[in-house]
Amino acid sequence: MVQQRILRAVIMGPPGSGKGTVSGRIVKRFGLSHLSSGDLLRANIKAQTELGLLMKSCIDQGQLVPDDVISRLILTEMRSIEQSSWLLDGFPRTVTQAETLDGVCSVDTVINMDVPFQIIKQRLTSRWLHLPSGRVYNIDFNPPKISGLDDVTGEPLIQRDDDTPETITRRLRSYEKQTQPVLEYYRSKGMLETFSGTETNKIWPHIQAFLSKKLFPQNDKVVGKA
Ligand SMILES: Nc1nc2c(ncn2[C@@H]2O[C@H](COP(=O)(O)OP(=O)(O)O)[C@@H](O)[C@H]2O)c(=O)[nH]1
Ligand SMILES: Nc1ncnc2c1ncn2[C@@H]1O[C@H](COP(=O)(O)OP(=O)(O)O)[C@@H](O)[C@H]1O
């Protein structure tokens, strides 16, 4: 049997670059445990936890939540998946968060979804979400089989309160200012793998091939003639 290596990966990219969509494919194809900071925050808002109620206005205004709050939340959740291969989506988003993560584990690779800002806005205003699972749909790209309902559970889809044109502009600005330095942080450590494009379906085969090599390096060995 071909052994799969343990892999600790981060997926980064501006809002709407396709992190959630690609994460879903990575989970399906390679079975990594997926931890999304946005999904976690939205679950807290839905459950009306103290943290969720405190963070809602920050998120709705397109601002990042404080580093210590999100770091504590993510690191707590990570305890339950520390023995498996995992994929962090949406964390870290600041250099401080990246340093906190470095303090508790070593990340193997950072997948950077490099998608131009111009095409992102249109995508986000037509994004639909199944809140409990984090599955995302899009009216143009991957519509649900039945309008307004999740394909798997049949439950209703929602639109995010922060997917409005004004808030998207603010989130993109915050990405440039606070998150792009994280790309530099990982680039300087030789960990950044950038995948550029405008369509997820064209970017995905490259990410899939890259992760196959990382997870199954033995498949790469050239078998020479005896
Ligand atoms: N038109 C179009 N929409 C896409 C593409 N890839 C993803 N989407 C949609 O764009 C929206 C944002 O994608 P998502 O994966 O949620 O991005 P994230 O914010 O980076 O996690 C969702 O509605 C997706 O269904 C694509 O290649 N083309
Ligand atoms: N690592 C983080 N640090 C600070 N705020 C975060 C973090 N992750 C998520 N958030 C908050 O949650 C919002 C939604 O995050 P997310 O679902 O990852 O957005 P998107 O998928 O559009 O990139 C962010 O705009 C921000 O307010």
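These figures come from a predicted structure and were not determined experimentally.

With that settled, consider the confidence of the model for the chain. With 96% of its residues at a pLDDT of 70 or more, the chain has an overall mean of 94. Prediction confidence for the complex, expressed as pTM and ipTM, is 0.94 and 0.98 respectively.

Per the counting criterion, the structure on display carries twelve salt bridges. Asp163 serves as the salt-bridge partner of Arg127, at 2.8 Å between the closest nitrogen and oxygen. Residue Arg127 is located in strand β5 (residues 127-130), and its partner Asp163 is located in the loop between β6 (135-138) and α7 (165-188); the two are separated by 36 residues in the primary sequence. There is no split in this pair, since Arg127 and Asp163 are both buried. The residue Arg160 makes a salt bridge to Asp162 at a minimum N-O spacing of 3.0 Å. Residue classification places Asp162 among the buried residues on the basis of a relative accessible area of 5%. Among the charged side chains, a network of salt bridges with common partners joins Arg127, Arg160, Asp162, Asp163 and Arg171.

So, on to the site of ligand 2. What surrounds ligand 2 is a group of 19 residues, the closest being Ser37, Arg42, Gln63, Gly90 and Arg171. Here a nitrogen atom of ligand 2 sits 2.9 Å away from a polar atom, N or O, in the side chain of Gln97. The side chain of Arg160 places a nitrogen or oxygen atom 3.2 Å from an oxygen atom of ligand 2. Relative to its unbound accessible surface of 550 Å², ligand 2 loses 96% to contact with the protein. When residues of the shell around ligand 2 are assigned to their parent elements, the largest contribution, four residues, is made by helix α2 (residues 37-46). Residue classes in the shell around ligand 2 are distributed as seven nonpolar, five polar and seven charged.

In this section: the site of ligand 1. Around ligand 1, the structure places 18 residues, and the nearest of them are Gly16, Thr21, Arg127, Tyr137 and Thr200. Residue Asn138 places a side-chain N or O atom 3.0 Å away from an oxygen atom belonging to ligand 1. Secondary structure elements with two or more residues in the shell around ligand 1: α1 (19-30), α6 (117-125) and β6. Its residues placed into classes, the shell around ligand 1 shows six nonpolar, eight polar and four charged.

With that settled, the discussion passes to the UniProt feature "domain: Adenylate kinase active site lid" (unreviewed entry) in the chain. Mapped onto the present numbering, the UniProt feature "domain: Adenylate kinase active site lid" (unreviewed entry) falls at residues 127-162. Helix and strand shares over residues 127-162 are 0% and 22% respectively, and the end C-alpha atoms of the span are 11 Å apart.

Rules behind the numbers
Residues numbered from 1 in each chain as written. Chains lettered and ligands numbered in written order. Predicted model: local features only at pLDDT ≥ 70, side-chain atom pairs only at ≥ 80, totals over all residues. Heavy atoms only, no water. pLDDT = per-residue confidence, 0-100. Salt bridge = Lys/Arg side-chain N within 4 Å of Asp/Glu carboxyl O. Helix = DSSP H or I, 4+ residues; strand = E, 2+ residues; numbered from the N terminus. Buried < 20%, exposed > 50% of the residue type's maximum accessible area, 1.4 Å probe, protein only. Near = heavy atom within 4 Å. Polar contact = N/O pair within 3.5 Å; in protein donor to acceptor, adjacent residues only side chain to side chain. Areas by Shrake-Rupley, 256 points an atom, 1.4 Å probe, with all protein chains shown as cover. Nonpolar A, V, L, I, M, F, W, Y, C, P; charged D, E, K, R; others polar. UniProt positions renumbered as here; feature names shortened; annotations may be inferred.

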